[in-house]
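Chain residues, written in single-letter form:
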Amino acid sequence: MFLDNSSLAAMRASLNGLQLKQQVISHNIANYETPDYKARTVSFEEVLSSAQKNGKATENTRYLAHIATNSTTDIRLDGNNVDLERENLELFDSYLQMSYLYQKIGGEFSNLRYVLNQSMK
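Bear in mind that the values here come from a model prediction, so they are computed numbers and not experimental data.

(A) Geometry of unusual backbone geometry. Positive phi, normally seen in glycine, also occurs at D36, with a value near 65°. Assignment of secondary structure puts D36 in the loop between α1 (6-30) and β1 (40-43).

(B) Focus on the packing of α1 against helix α3 (residues 84-120). Running from N to C, α1 and α3 cross one another at 160°; their axes reach a closest spacing of 9 Å. Looking at the two axes, α1 sits roughly antiparallel to α3. The two elements α1 and α3 meet at a crossing, and its hand is left-handed. For the contact of α1 with α3, the class distribution of residues is 13 nonpolar, seven polar and five charged.

(C) Examining a nonpolar patch on the surface more closely. Taken together, F92, Y95 and L96 make up a surface patch of nonpolar side chains, about 330 Å² in accessible area. Overall, L96 belongs to the partly exposed group, its relative accessible area being 42%.

(D) Quick look at the environment of N81. If you trace the backbone, N81 turns up in the loop between β2 (66-69) and α3. In this structure the C-alpha to C-alpha distance between N81 and E33, which are 48 residues apart in sequence, comes to 9.8 Å. Discounting chain neighbours no more than four positions away, the residues touching N81 are Y37, K38, A39, N70, T73, D74 and I75. Looking at N81, its side chain comes within polar contact range of the main-chain nitrogen of A39, at 2.6 Å.

(E) Spatial organisation of the packing of aromatic side chains. Evaluated as defined, the whole model comprises one aromatic pair. Looking at R76, its charged tip hangs above the ring of Y32, at a distance of 4.6 Å from the centre.

(F) Just the nonpolar core, in detail. L8, M11, L15, L18, M98, L101 and I105 together form the largest nonpolar core, which totals seven residues. Put simply, the parts of the chain that give this core at least two residues each are α1 and α3. Looking at which element gives the most residues to this core, the answer is α1, with four residues. For L15, the residues in contact, after removing those within four places along its chain, are M98, L101, Y102 and I105. Of all hydrophobic cores here, the second largest spans six residues; its members include A10, V42, F44 and Y63.

What counts, and where the lines are drawn
- Residues numbered from 1 in each chain as written.
- Predicted model: local features only at pLDDT ≥ 70, side-chain atom pairs only at ≥ 80, totals over all residues.
- Heavy atoms only, no water.
- Helix = DSSP H or I, 4+ residues; strand = E, 2+ residues; numbered from the N terminus.
- Axes fitted to C-alpha atoms, helices over the stretch in contact; angles between N-to-C directions.
- Parallel < 35°, antiparallel > 145°, perpendicular 65-115°, else oblique.
- Left-handed = near helix turned anticlockwise from the far one by under 90°.
- Nonpolar A, V, L, I, M, F, W, Y, C, P; charged D, E, K, R; others polar.
- Patch = residues over 30% accessible without salt bridge, like charges linked within 9 Å, V, L, I, M, F, W, Y side chains within 5 Å.
- Areas by Shrake-Rupley, 256 points an atom, 1.4 Å probe, with all protein chains shown as cover.
- Salt bridge = Lys/Arg side-chain N within 4 Å of Asp/Glu carboxyl O.
- Buried < 20%, exposed > 50% of the residue type's maximum accessible area, 1.4 Å probe, protein only.
- Contact = heavy atoms within 4.5 Å.
- Polar contact = N/O pair within 3.5 Å; in protein donor to acceptor, adjacent residues only side chain to side chain.
- Phe/Tyr/Trp six-rings, centres within 6.5 Å; stacked < 30°, edge-to-face > 60°.
- Lys NZ or Arg CZ within 6 Å of the ring centre and 35° of its normal.
- Core = buried A, V, L, I, M, F, W, Y, C linked by side-chain atoms within 4.5 Å.

Laid out in structure tokens, this is it:
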């Protein structure tokens, strides 16, 4: 099907990765006052960019996000390393990225609609 191209697959995978990133950030924020809690991060952009740069991205490419726990630092005396300001900025950044992707996907479908309407004439 013509909707299963590599760019739409990458955008769909990006939305899934950003959703996971927002869930992990929300979990970090919820555990801000939990003693000995270690913040988790999601690395997805590296996976997406390396697949695109290597030219290996196809409709069947699987983009997998990686969740890592940062256990090397302690921000507070209770052993918790959640930086609330950083987490809030990351959450807002992922929101902006998702908004852009929704606009981009909408543009793809607008182009498709235009082509279909022109072919009907």
